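These are the residues of each chain, in order.
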There are 2 protein chains.
Amino acid sequence: MHSFTPTARIRKSPFYRATLAEGVTSFTPYNRMLMPTGYGDPEKEYWRLIEAVSLWDVAIERQVELKGRDAADLVQILCPRDLSNCAIGQGKYIALCNHAGTIINDPILLKLSDQQYWLSIADSDVLLWARAIAAERGLDVQISEPDVSPLAVQGPKSDDVVASVFGDWVRDLKYFWFQPSEVDGIPVAVARSGWSKQGGFEIYLMDGTRGTDLWNIIREAGQPHGIGPGNPNACERVESGLLSFGGDTDDETNPFEIRMEKYVDLDAPDEVVGIQALRSIVSKGIKRHQLGVILDGDVPHQPDSDWMSIWQDGTRSGHMTNCIWSYRLKANIGFALISVDAKPGDTVTVDMAGTSVSGRLTRLPFV
Amino acid sequence: MHSFTPTARIRKSPFYRATLAEGVTSFTPYNRMLMPTGYGDPEKEYWRLIEAVSLWDVAIERQVELKGRDAADLVQILCPRDLSNCAIGQGKYIALCNHAGTIINDPILLKLSDQQYWLSIADSDVLLWARAIAAERGLDVQISEPDVSPLAVQGPKSDDVVASVFGDWVRDLKYFWFQPSEVDGIPVAVARSGWSKQGGFEIYLMDGTRGTDLWNIIREAGQPHGIGPGNPNACERVESGLLSFGGDTDDETNPFEIRMEKYVDLDAPDEVVGIQALRSIVSKGIKRHQLGVILDGDVPHQPDSDWMSIWQDGTRSGHMTNCIWSYRLKANIGFALISVDAKPGDTVTVDMAGTSVSGRLTRLPFV
């Protein structure tokens, strides 16, 4: 843990004051904003997510809005997944790739109308990227970052909490679908989504001046269900096999290496950015893939926050891209980005904080 | 001050271990890396820069390398400043703009050869941007982030320190010019540059495994001259009128608003990104400009780290984009991005941390 210096370069979330009031103890920078990463009791926060319901400031999932006559064309040009069947009110998980087929973000696409889309982004500058492509192709589309900030409600009790605020219709929302709504005059979109596998919603706040109000409304509605503050949970996301773009990927990672092949349609039109490169990657065969690693031992490790080398038979076969103590598996686990010659069941050793730790490879997810 | 959580998303500098050994106390995220922002005694660190020599880990100034047959074409396409007279070994301060004429970065361009350039960037993803433009225009250029990390030596004694390590030839380097060199087998480029007005160099380390070695060599050579650890200094840079891209700019800032008009050539070719928009901005006239603010009172304020509203005659005329206690002026000072109707000498009030503070406008720089 280190301290960081406040600066106008790093923007604050509409929920910032609410999280301070909740006793947030640490943050991470993400999309040049601050995201809470803890409230002082990691294990309690973990079990709250697994067993009850947790409230997360994920305003750092910025929206890149594509609006105008050519918005639908642009979104398809940016994304090598066939979006022709995406309905208004539907979201889809997509991979944005550059011209070399390297993944540059893994957003959720939300279709608000035939001429309006949001890309709810991971940690890279999709606003810059989308503007470059749109302008170079002469498309008629306005690209902006609107005043929209997601608040996640995650965990098995989240249906009850969100239904008590917005109505029982939210129980019928399908995964990644969303609907505009409001509470106490606060405009929102309610989506069934979130960066956990415990179920839940993301409430897209559409008025940045009402962050504390929205936080408190959800907080109060959740009291009977054991709600409390939380954040994208490092342990749960690794157990569940959820990708952290920029953490588990590098500057050469393509979607096929990281279990995203089902989000790429190789027969997408040639005008889609990166499609030729993606076809070439498939025809040549990938060199790396993503597996799990379960380390030996039953004591939490102090992992490095950088990638850790993985060795097999005296050769470096890849990297462990994250490592966390799993409260459910009672083991240190993480992801491997590793040679396709490495298979589930293989034994490995991992360079970790100056020592060598043994373990074995497994499929993802862990649970 | 808050704590932050280490993550593989946020890369570490080759000088990271050296700065820990020096007792670094805080960091800021920048280009998805950590930059030191203090070693525990801000006033001592300030005077060390003003009166002696200071050593800064500025590896966060990442290099975007453009290399290949069309590299010169691309760099001119990205930049609305005439680069035809840029010599090999010369650097130039430039504004990168998007198609709307909005500034997206203010790097130093370094010309290594007719087919190789570095953009030494501020805090935005120029790698993503340059790749988009190059690929969309079909240019034959390889764009990468090489293993290059600047270490800044700043302050009036920096010539003596750097000359004692690399030789007296460094004293003859002109501003922004650079030359490849080496010390103890460590490959570097030595440039006369740096984000202060106290004079100095940036030593571009070209082998990330030798960061601690290079730090210690400079540190030892600087002992007779009073060297010590430091970082881009919030007080000195405001006194000196140096821009912080992303801190003093927003998503609508053009170069003419922030005193960069001399770096824009309106007769640049039409193929330059943003040039039509820049011509249009000039013909219509800008709406904002950048001035200084000197606040009344002689006690250091606790400023907000967000932009602060500036009021004149009951109307909000702009924002104060930074605020710092000046050790030399014995006043709280900062930059205003403000209506062109506001002039040096005008009195203003500023919303600051819940109170209203009076002051007056002035030209930049302050000293």
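## Describing the overall build of chain A
Phase 1 of the analysis: Assigned secondary structure in chain A consists of 8 helices and 23 strands.
Phase 2 of the analysis: Its C-alpha atoms give chain A a radius of gyration of 21 Å, within 12% of the compact-globule value 21 Å for 367 residues.
Phase 3 of the analysis: Across its three principal directions, the C-alpha atoms of chain A cover 60 × 50 × 40 Å.
Phase 4 of the analysis: With 367 residues in all, chain A has 52% of them scored as buried.
Phase 5 of the analysis: For chain A, the share of sequence-separated contacts (at least 6 apart) that also reach a separation of at least 24 residues comes to 67%.

## Some points on the pairing of strand E13 (residues 178–183) of chain B
All names here are of chain B.
Phase 1 of the analysis: Here 6 bridges tie E13 to strand E14 (residues 186–191), and the two strands are oriented antiparallel to one another. Considered in E14, the bridge of Val183 is made with Ile186.
Phase 2 of the analysis: Counting the residues that bridge the hairpin from E13 to E14 gives 2 residues, and of these Asp184 lies at a positive phi of roughly 50°.

## Examining the sheet that holds E13 of chain B
All names here are of chain B.
Phase 1 of the analysis: Taken in spatial order, the 6 strands make up an open sheet running E13-E14-E15-E12-E4-E16, and their pairing is mixed. Each having just a single partner strand, E13 and strand E16 (227–230) make up the two edges of the open sheet. For this sheet, the mean inter-axis angle between neighbouring strands, taken without regard to orientation, is 30°.
Phase 2 of the analysis: Sheet strands in contact with helix H6 (residues 211–222) are strand E4 (53–57), strand E12 (149–154), E13, E14, strand E15 (200–205) and E16, and its direction is about 10° off that of E12.

## Comments concerning the packing of helix H5 (residues 158–166) of chain A against helix H6 (residues 211–222) of chain A
Residues and elements named next belong to chain A.
Phase 1 of the analysis: Packing of H5 against H6 brings their axes to within 9 Å, and their N-to-C directions diverge by 120°. Looking at the two axes, H5 sits oblique to H6. Every pair of crossing elements has a handedness; the one defined by H5 and H6 is right-handed. Residues Val161, Ser164 and Val165 of H5 pack against Ile217, Ile218, Ala221 and Gly222 of H6.
Phase 2 of the analysis: Looking at side-chain class alone, the contact of H5 with H6 contains 5 nonpolar, 2 polar and no charged residues.

## Some points on the packing of helix H3 (residues 71–78) of chain B against helix H4 (residues 126–136) of chain B
All names here are of chain B.
Phase 1 of the analysis: At a minimum axis distance of 11 Å, the contact between H3 and H4 shows a crossing angle of 115°. Here H3 lies roughly perpendicular to H4, going by the angle between them. As for the relative orientation of H3 and H4, their crossing is right-handed in sense. Contact with H3, carried on its side by Leu74, Ile77 and Leu78, involves Ala130, Ile133 and Ala134 of H4 and no other residues of that element.
Phase 2 of the analysis: Along the lines of polarity and charge, the residues of the contact of H3 with H4 split into 6 nonpolar, no polar and no charged.

## Some thoughts on the relation of the copies chain B and chain A
Phase 1 of the analysis: By a simple turn and slide, chain B fits onto chain A: the slide is 0.0 Å along the axis, the RMSD is 0.0 Å, and the turn is 180°. The superposition of one copy onto the other is thereby described by a two-fold rotation axis. For chain B, the minimum C-alpha distance to the rotation axis belongs to Ser3 of chain B and amounts to 2.1 Å.
Phase 2 of the analysis: When the interface residues of chain B are mapped onto chain A, 100% of them again lie at the interface, so the same face is used by both copies.

## Considerations on the environment of Leu74 of chain B
Residue and element names in this part refer to chain B.
Phase 1 of the analysis: Along the chain, Leu74 turns up in helix H3.
Phase 2 of the analysis: Leu74 sits 180 residues away from Asn254 along the chain, and the two C-alpha atoms are 21 Å apart.
Phase 3 of the analysis: Once residues within four sequence positions are removed from consideration, Leu74 is found in contact with Leu66, Ala130, Ala134, Leu139 and Val141.

## A look at the sheet that holds strand E9 (residues 108–113) of chain B
Residue and element names in this part refer to chain B.
Phase 1 of the analysis: The antiparallel open sheet is built from 5 strands, whose spatial order is E6-E9-E10-E5-E11. This sheet does not close on itself; its edge strands, each paired only once, are strand E6 (91–93) and strand E11 (142–144). Direction aside, neighbouring strands of the sheet carry axes that sit 20° apart on average.
Phase 2 of the analysis: Pairing of strand E5 (residues 63–67) with strand E10 (residues 116–120) involves 5 bridges; the strand directions are antiparallel. Bridge pairing in E10 places Val64 opposite Leu119.
Phase 3 of the analysis: Most of the contacts of H3 go to E5, to which it runs at about 130°, and overall it touches E5, E9 and E10.

## Regarding the interface of chain B and chain A
Phase 1 of the analysis: Listed by partner, the interface residues are 40 residues for chain B and 40 residues for chain A.
Phase 2 of the analysis: Only strand E1 (2–4), strand E2 (26–30), strand E3 (33–38) and H4 of chain B provide two or more residues apiece to the side of chain B that touches chain A.
Phase 3 of the analysis: At 7 residues, H4 of chain B tops the list of elements feeding residues into the side of chain B that touches chain A.
Phase 4 of the analysis: Among the residues forming the side of chain B that touches chain A, the class breakdown is 14 nonpolar, 18 polar and 8 charged.

## Some details on H5 of chain A
All names here are of chain A.
Phase 1 of the analysis: Inspection of H5 places Ser158, Asp159, Val161, Val162, Val165 and Phe166 among the buried residues, and these make up the whole buried set. With its buried residues spanning 165° around the axis, H5 presents them on a single face.
Phase 2 of the analysis: Gly167 sits one or two positions beyond H5 and adopts a positive phi of about 115°.

## A look at the environment of Gln142 of chain A
Residue and element names in this part refer to chain A.
Phase 1 of the analysis: Topologically, Gln142 is positioned in strand E11 (residues 142–144).
Phase 2 of the analysis: Residue Gln142 is classed as partly exposed on the basis of its C-beta count, with 15 C-beta atoms lying within 10 Å.
Phase 3 of the analysis: In this structure the C-alpha to C-alpha distance between Gln142 and Ala71, which are 71 residues apart in sequence, comes to 8.0 Å.
Phase 4 of the analysis: If we skip the residues at most four places from it in the chain, Gln142 touches Lys67 and Gly68.

## A short note on the domain arrangement of chain A
Residues and elements named next belong to chain A.
Phase 1 of the analysis: Looking at the assigned domains, one finds that chain A contains domain 1 (16–62 + 147–238), domain 2 (63–144) and domain 3 (288–367).
Phase 2 of the analysis: Contact residues are listed per partner, giving 12 residues for domain 1 and 13 residues for domain 2.
Phase 3 of the analysis: Among the residues making up the side of domain 1 that touches domain 2, the classes are represented as 7 nonpolar, 3 polar and 2 charged.

Cut-offs applied
- Residues numbered from 1 in each chain as written.
- Chains lettered and ligands numbered in written order.
- Predicted model: local features only at pLDDT ≥ 70, side-chain atom pairs only at ≥ 80, totals over all residues.
- Helix = DSSP H or I, 4+ residues; strand = E, 2+ residues; numbered from the N terminus.
- Rg over C-alpha atoms; globule rule 2.2 N^0.38 Å.
- Buried ≥ 20, exposed ≤ 12 C-beta atoms within 10 Å, placed from the backbone.
- Contact = placed C-beta atoms within 7 Å.
- Pairing = 2+ DSSP bridges.
- Axes fitted to C-alpha atoms, helices over the stretch in contact; angles between N-to-C directions.
- Parallel < 35°, antiparallel > 145°, perpendicular 65-115°, else oblique.
- Left-handed = near helix turned anticlockwise from the far one by under 90°.
- Nonpolar A, V, L, I, M, F, W, Y, C, P; charged D, E, K, R; others polar.
- Least-squares fit on C-alpha atoms with pLDDT ≥ 70 in both.
- Arc of directions from axis to C-beta.
- Domains from an automatic or database assignment.

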